[in-house]
Every structure is written in C-alpha cells, then in structure tokens.
Amino acid sequence: MPRSGEPPHERLAAALPLAGTPGQAYVERRGITLAIADAAGMRFDPDWNGRPAVLIGMYEREARLTSLHGRYLETRRGQDKMFTIGPGGGVAASGAGWRCEPMILVEGIFDVLSLAVCGWDSVATVGRWAPWLPEACSGRSVWLAFDANAPGEREVAHYIQHLPRSTTHRLLPPAHCKDWNTALIKRGPAALTRWLRESLQARATTSR
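Residues numbered from 1 in each chain as written. Predicted model: local features only at pLDDT ≥ 70, side-chain atom pairs only at ≥ 80, totals over all residues. Heavy atoms only, no water.

Caption draft 1: Region of interest: the packing of aromatic side chains. Tallied over the entire structure, the rule returns 6 aromatic pairs. Seen from their ring centres, Tyr26 and Phe110 are 5.6 Å apart, and the 90 degrees between their planes marks the pair as edge-to-face. Residue Tyr26 is found in helix H2 (residues 22-29), and its partner Phe110 is found in helix H4 (residues 109-117); the two are separated by 84 residues along the sequence. Residue classification places Phe110 among the buried residues on the basis of a relative accessible area of 4%. Relative to Trp132, the ring of Trp98 has its centre 6.2 Å away and its plane inclined at 65 degrees; by these criteria the two rings are edge-to-face. Here Trp132 lies in the loop between strand E7 (123-124) and helix H5 (133-136) and Trp98 lies in the loop between strand E5 (92-93) and strand E6 (103-106), a separation of 34 residues in the sequence. (Phe/Tyr/Trp six-rings, centres within 6.5 Å; stacked < 30°, edge-to-face > 60°. Helix = DSSP H or I, 4+ residues; strand = E, 2+ residues; numbered from the N terminus. Buried < 20%, exposed > 50% of the residue type's maximum accessible area, 1.4 Å probe, protein only.)

Caption draft 2: The arrangement of the side chain of Arg51 in detail. Mapping Arg51 onto the fold places it in strand E2 (residues 51-59). The side chain of Arg51 sits in the buried core without any salt bridge; Asp80 is the nearest counter-charge, 5.9 Å away. A polar contact of 2.9 Å, which involves the side chain of Arg51, links it to the backbone oxygen of Asp80. Not counting chain neighbours up to four residues away, the residues in contact with Arg51 comprise Asp45, Pro46, Tyr72, Glu74, Thr75, Gln79 and Asp80. (Lys, Arg positive; Asp, Glu negative; His and termini not counted. Salt bridge = Lys/Arg side-chain N within 4 Å of Asp/Glu carboxyl O. Polar contact = N/O pair within 3.5 Å; in protein donor to acceptor, adjacent residues only side chain to side chain. Contact = heavy atoms within 4.5 Å.)

Caption draft 3: Quick look at the sheet that holds E7. Strands sit in the order E5-E7-E6-E8-E9 across an open sheet of 5 strands; the sheet is mixed. Strand pairing shows two members of the sheet lacking a second neighbour, E5 and strand E9 (167-170), which therefore form its edges. Alignment of E5 against E7, held across 2 bridges, turns out to be antiparallel. In the sheet register, Ala93 faces E7, and the bridge partner there is Val123. (Pairing = 2+ DSSP bridges.)

Caption draft 4: Main features of the side chain of Ser199. Locating Ser199 in the fold gives a position in helix H8 (residues 189-206). In this structure Ser199 comes out as buried when scored by relative accessible area, which is 7%. Only 2.8 Å separates the side chain of Ser199 from the backbone oxygen of Trp195, close enough to count as a polar contact.

Caption draft 5: Up close: the pairing of strand E1 (residues 43-48). Of the pairings in the sheet, the one linking E1 to E2 comprises 4 bridges and is antiparallel in character. Paired with Phe44 across the strands is Val54, a residue of E2. Here E1 folds back onto E2 in antiparallel fashion, the turn holding 2 residues, of which Asn49 has a positive phi close to 55 degrees.

Caption draft 6: Structural view of H2. Of all the positions in H2, only Gly23, Gln24, Tyr26 and Val27 are classed as buried. Down the axis of H2, the smallest arc covering the buried residues is 160 degrees, so these residues share one side. Check the buried side of H2 and you find it contacts helix H3 (34-39), E1, E2, strand E3 (65-72) and H4. For H2, the side-chain oxygen to backbone nitrogen distance between the N-cap and Gly23 is 3.1 Å, and the N-cap itself is Thr21. Remark: Gly31 follows H2 within two positions and exhibits a positive phi of approximately 85 degrees. (Arc of directions from axis to C-beta.)

Next comes the structure, spelled out in structure tokens:
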C-alpha cells in the first residue's frame, strides 16, 4: 500500500470478512450473494488507500498471490473506481480458476461474480496481462467475454493475437448490457443463466 507499505498478502490477511460490513451491502446491491462473494475470496477493507473497498486477490498459475485488487464502494467525480497493488502477473477467478471448462475470460471482478451467480466459473484479467495465460490456454477453447464496448473489443483483439495456440470465440453480454454485472441486474439471474447456456452451446456447435 502506498501509505502503509504493506505487501498484498499482509493487506489481504488484515482485511475483514464481508458479512455485516458495508461491503456485504455493496455486493448485494450489485446482485451478488454473500455466499458467492465469500467463495471467490472477496474481503472488505474500510481504508483501502483512503476509502472503503471490497478486495479480491489476483493469483498466478500456481495460486501464488501476486496482486490485490480493490473496488471502491463509492466514487465521486475525479476519483478512481479501483485501486490495485502488487507487481501483476495474476488473475482473479471463481471456482476452478484458469482450469475452468469452458475457459471464459472477462474484464472485472464483478463480471466473475455475476457469472458465478449463474453457475459459470470464469477468470478476470482486470485489464492486466498474465504472461502464463498463453501456455495455460494452449490447445483449449477460450471464450473472450470482455465488455461490449470499444475497450472490450481492443481486449478481444489483444487476446486473439496473444493466444495463438487457442481457439478463441467472442462472447458478448446480452443486448443493451455493457458487461455481465449490468446484465445480471437488468435481466435477473434466471434469464442470464439461460442466455449464457444457450449462447455457449450455440457458438460451440457452430464452431465445430
């Protein structure tokens, strides 16, 4: 941490469980249950570089913590929404992490949690590059489920270029939804679960 000098593992160990904190109320407002957030390892820090935030660890291939990513509960104009410490090289994930089948890459931590609500494991890059991903994804089908906007398409192009030994597919959120958390809130978990199942099955069938 810039102000305290703590490395990611110390700061994560000192963070609070979500239950009963403002972090619980925040994730639930975004359609995420406490159980899903806890299972992904999310914690609460009342003073994450000066403001309350929910935290999640980012891990390298062998599950070593490399970075700690925080999403602020509130932001005012001119303030950052997120803050990350650590050298990088890791990803945030739910369930089986990078070993999940199918392999779904998303942008942010609330995309991961939103897909987890629908029963799908996924991996969030949080805009960072993990150099071990090409090997981990080699020979596999990879679904590029980044945001439905220009930055998301740039991420898609980047991963198509840097995953040459993978079969890549584009997976967009439902229409009029920028990302998966927006889709979860707008459509609800049952409708999004059905949409994901049908979309993945349809694209897998047409790509054979």
